[in-house]
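Summary of structural features
The residues making up each chain are set out below.
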Amino acid sequence: MLLEKEIVIKTDKLTKRFGDFTAVSEISFEVYKGEIFGFLGANGAGKTTAMKMLIGISIPTSGNATIAGFDIYIQTEQIKKSIGYMSQKFSLYEDLTIKENIQLFGGIYGLSDKEIKSKSEELINKLGLNNEADKLVASLPLGWKQKLAFSIAIFHQPKIVFLDEPTGGVDPITRRQFWDMIYEAAHNGITVFVTTHYMDEAEYCDRVSIMVDGVIQALDSPANLKSKYNAESMDEVFLMLARGAKRGE
Amino acid sequence: MNAIELNNLTKTYSSGKTVVTAVDDISFSVNEGELFGLIGPDGAGKTSIFRILTTLLLADKGNATVLGFDVIKDWKAIRDLVGYMPGRFSLYQDLTVEENLNFFATIFNTTIQENYDLISDIYKQLEPFKTRRAGKLSGGMKQKLALSCALIHKPKILFLDEPTTGVDPVSRKEFWEMLKKLKAQGITILVSTPYMDEAKLCDRIALIQIGKILKIDTPINIIDSFDKKLFAVHSENMFKLLNDLRSFENTESCFGFGENHHLTFKDDEMNILDLENYLIKSGHAKATIKIIKPEIEDCFMELMK
């Protein structure tokens, strides 16, 4: 599907230790432009620690990585400008209106007032939130908040967007509408790096990695993983690999 | 006697000018010894129902009983008889594993030894860490400790509010295996979850959305009552396929479901060859179309419409 495999994330033996505990142990992988990359693992496998290094807020103990071409030791500020981030836990300011949230994040990412104005109108129209634009985000249903948060995370057209369990607790139809938006972003060339506990969502990824005890145990397309592990579903693949986990649970 | 009974229960919250009806005229009952699931997304009203039944919150209208006791009049009796695991981890973070368990046992006038049988399966996995502070445990271990604390006084009913949210698939599976064992010991369990795949592990379920119950029945009956033909469609380019299927004239709904898209038609009598030809024309030469049995999630989405 991808015409050229431009690499946007590259890690080489990336490692993070806390004292004598190795949270992430020598992970090496590449993610391509426009790819939807699922980053899976059991609780405590090291996903969050790895993600913090990739978005430039945690300095690795050893190993190397570049994000959108920038080095994660010394170019963390450039990395932050090239990425978008959203998580289930924090995404938007509840006591600002929808419009104000868009303006705030647009400003933080360095867009001009003019750009913010035209693009925010476009976004509000697209999401069908015209009547809600001046309401507080707190008044939106969760599903809408998550859709808005995602739109804001890609508002500045980042190279990569990191999504940390973006669909937790969301109703099944909204969850799928959310994935429609992910597909569209990827189609427009934004690389999507996503974690989830919904194994059906793993199937929507171009490739997935499965972390167990700080290392990447498997990395391939869902179809290849299923055939390699002779499994019917990604759920089965995950159970096979993560059952062997020693730490965390 | 029903273990739990709710009659026309309503609960609203207001902040400023906005009034939110969290629980909207809900009635259902849970039989003794039953494993009953409240299945629905955030904002469905699940937590409000739990808090009303555990006597921590007053309803605006309607009434409810737990083991025959009224949730308002007999709150003291109810608190002795139920175990409650709230959605948010609410043990003492700065007490150790053992101290937490001891604390809850003492509050209910019992000891860890007296009811050790009931929790031994679960607690055994925690014992190597019994001197660790609860705040320093991993998510899965916190969940096991919270369940142990909710069980230590041998409750007749367990209320588990989203015990598996944010928990990985392996730990979720283990948790449900624990619930099965507790049910076998005669404990009635009311459990809520946003994960639709967990619904099939319950005896009966209530599908719930924005304060209203969409349907109550056994998982099998709910699946059997899905009255449309459901198809699973797969091709090499799933994103294009989704859009193409949605543009097909006879498509009623089409959603991604893992490796397939699930599809229903406006007219179930239509010739499937029409779809095959359409897909070939749209560039999906290798598309496969299978008729399938719905999952609970299909039913939930159909009922949401």
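1. Some points on the overall build of chain B
For chain B, the helix and strand inventory stands at 10 helices and 14 strands. Referenced to the eigenvectors of the C-alpha coordinate spread, the extents of chain B come out at roughly 70 × 45 × 40 Å. The buried share among the 305 residues of chain B stands at 50%. Counting only carbon and sulfur atoms, one obtains 50% of the accessible surface of chain B, whose full area is about 14300 Å². Computed over 37 positive and 42 negative side-chain charges, the inter-centroid distance for chain B is 4 Å.

2. Focus on the packing of helix 3 (residues 97-107) of chain B against helix 5 (residues 139-151) of chain B
Residues and elements named next belong to chain B. Relative orientation of the contacting elements helix 3 and helix 5 amounts to 20°, with a least axis distance of 8 Å. Between helix 3 and helix 5, the interaxial angle falls into the category roughly parallel. The handedness of the crossing between helix 3 and helix 5 is right-handed. From helix 3, V97, N100, L101 and F104 reach across to helix 5, where they touch L145, S148 and C149.

3. A few points about the pattern of salt bridges
One pass over the full model with this rule turns up 31 salt bridges over all chains. Across the salt bridge formed by K126 of chain A and E184 of chain A, the nearest N and O atoms sit 3.2 Å from each other. Here E184 of chain A lies in helix 6 (residues 172-187) and K126 of chain A lies in helix 4 (residues 113-127), a separation of 58 residues in the sequence. In this structure E184 of chain A comes out as partly exposed when scored by relative accessible area, which is 34%. The salt bridge involving E34 of chain B is made with R204 of chain B; its shortest N-O contact spans 2.6 Å. Pair noted here: E34 of chain B is in the loop between strand 2 (18-30) and strand 3 (35-39) and R204 of chain B is in strand 9 (residues 204-209), with a separation of 170 residues, a long-range link. For the residue pair E34 of chain B and R204 of chain B, the accessibility class agrees, reading buried in each case.

4. Here's the deal with the domain arrangement of chain B
Residue and element names in this part refer to chain B. Taken domain by domain, chain B holds domain 1 (4-224) and domain 2 (230-304). Here the C-alpha centroids of domain 1 and domain 2 sit 37 Å apart. Contacts between domain 1 and domain 2 engage 15 residues on the former and nine residues on the latter. In this assembly, domain 1 packs against domain 2 so that about 970 Å² is buried in total across both faces, 83% of it on carbon and sulfur atoms. Area buried by domain 1 at its contact with domain 2 is led by M196, L214 and I223, which between them contribute 58% of it. At the surface where domain 1 touches domain 2, the tally comes to one salt bridge. Counting the contacts that link domain 1 with domain 2 gives zero residue pairs in polar contact (both at pLDDT 80 or more). When contributions to the side of domain 1 that touches domain 2 are tallied by element, the ones reaching two or more residues are strand 9, strand 10 (212-217) and helix 7 (219-224). Here the residues of the side of domain 1 that touches domain 2 sort into 11 nonpolar, two polar and two charged.

Cut-offs applied
Residues numbered from 1 in each chain as written. Chains lettered and ligands numbered in written order. Predicted model: local features only at pLDDT ≥ 70, side-chain atom pairs only at ≥ 80, totals over all residues. Heavy atoms only, no water. Helix = DSSP H or I, 4+ residues; strand = E, 2+ residues; numbered from the N terminus. Buried < 20%, exposed > 50% of the residue type's maximum accessible area, 1.4 Å probe, protein only. Areas by Shrake-Rupley, 256 points an atom, 1.4 Å probe, with all protein chains shown as cover. Lys, Arg positive; Asp, Glu negative; His and termini not counted. Charge placed at Lys NZ, Arg CZ, Asp CG, Glu CD. Axes fitted to C-alpha atoms, helices over the stretch in contact; angles between N-to-C directions. Parallel < 35°, antiparallel > 145°, perpendicular 65-115°, else oblique. Left-handed = near helix turned anticlockwise from the far one by under 90°. Contact = heavy atoms within 4.5 Å. Salt bridge = Lys/Arg side-chain N within 4 Å of Asp/Glu carboxyl O. Domains from an automatic or database assignment. Buried area = accessible area lost by both parts, 1.4 Å probe. Polar contact = N/O pair within 3.5 Å; in protein donor to acceptor, adjacent residues only side chain to side chain. Nonpolar A, V, L, I, M, F, W, Y, C, P; charged D, E, K, R; others polar.

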